[in-house]
Amino acid sequence: MIAIDSSVYISELTKGDDSAMVKWLNDEVIYQNTLRIPFPYKIEHARDFLHYVRLMRKEHTQPTEWAIRNYTGEMIGCVGFSRIYGKYSHKDELGYWLAAPYRGQGIMTRVVAVVADWGFQHFGLWRLEAPIFPHNPASGKVLEKNGFIAEGTLHNYVMKENRPMDVIMYAKTKRL
C-alpha cells in the first residue's frame with residue numbers, strides 16, 4: 001500500500017477487484033479515452049487483465065499496475081506501466097483511469113505524481129510517455145501538472161475501432 005493522501009491510496013490489484021472493474025469500466029467515457037479497455041466491459045475482461053497483472057508482477061518482481069482505492073478500500077481506478085518497451089528499457093508508458101464519481105477532484109493528479117516517481121526510482125526509468133487522445137484534454141492537464149510536456153501529435157499512431165487515431169504524446173524525463 002502506498003498512501004497518496006488521507007482520501008486515497010494505491011495497492012496491488014487482487015482477484016476481488018474484478019467486480020469493481022466491471023462496475024466502473026462500463027463507462028463509455030473511459031472507453032473513448034483509453035486504447036485497450038473494451039466496451040462493454042465483462043467479468044472475463046477483468047479476469048484476463050488480473051491474470052496479466054499477476055504475470056507482469058512475477059516477471060518484474062514488483063507491481064507494474066495498482067488499484068486506486070478510496071479510504072474504505074474500494075477500487076475506484078487503476079494506474080500503471082505498460083512495459084511495452086520491455087523489462088530492461090529506460091522508458092515506459094503510463095496509463096490510468098478513474099471512476100466517474102471521483103473525477104475532477106485532483107485525485108489522478110496526485111496519483112500520477114507518486115507513480116511517476118515510483119517508475120523513476122524502482123524501475124530505473126529515464127523517460128515516461130503518456131499518449132492521450134486529442135479529445136481528452138483533462139488527461140493532458142493531469143500530465144502537465146506533473147511536469148509532463150506535450151511533445152507533439154503523432155498522426156495515425158494507434159488503431160481504435162478499426163480506424164487510425166492521432167495521439168498527443170506527453171513525456172516526462174528524469175534529470176541528473
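Structural data are supplied above this passage.
So, how was this worked out
Residues numbered from 1 in each chain as written. Predicted model: local features only at pLDDT ≥ 70, side-chain atom pairs only at ≥ 80, totals over all residues. Heavy atoms only, no water. Pairing = 2+ DSSP bridges. Helix = DSSP H or I, 4+ residues; strand = E, 2+ residues; numbered from the N terminus. Buried < 20%, exposed > 50% of the residue type's maximum accessible area, 1.4 Å probe, protein only. Contact = heavy atoms within 4.5 Å. Arc of directions from axis to C-beta.

(A) Summary view of the pairing of strand β7 (residues 149–160). The pairing of β7 with strand β8 (residues 163–173) spans 8 bridges and is antiparallel. In the sheet register, Leu154 faces β8, and the bridge partner there is Val167. Between the antiparallel neighbours β7 and β8 lie 2 residues, among them Glu161 with a positive phi of about 55°.

(B) Summary view of the side chain of Thr109. Along the polypeptide, Thr109 turns up in helix α4 (residues 107–122). With relative accessibility at 17%, the residue Thr109 sits in the buried group. Those residues in contact with Thr109 that lie beyond four places of it in its chain are Val142, Lys145 and Asn146.

(C) Representation of helix α5 (residues 137–145) within the structure. Taken residue by residue, α5 has Ser139, Gly140, Val142 and Leu143 as its buried positions. Across the axial projection of α5, the buried residues extend over an arc of 155°, all falling on one side. Exposed residues lying more than 90 degrees from the buried face of α5 are Pro137, Lys141 and Lys145. In this structure, the buried residues of α5 make contact with β5 (91–98), α4, β6 (127–132) and β8. Directly beyond the C-terminal end of α5, a positive phi value near 85° is found at Gly147.

(D) Quick peek at the sheet that holds strand β2 (residues 8–12). One open sheet accounts for 8 strands, arranged β1-β2-β3-β4-β5-β6-β8-β7; its pairing is mixed. Unpaired on one side and paired on the other, β1 (2–3) and β7 mark the two borders of the sheet. Looking at chain direction, strand β4 (residues 75–81) and β5 are connected through 5 bridges and run antiparallel. Bridge assignment links Gly77 to a residue of β5, and that residue is Leu98.

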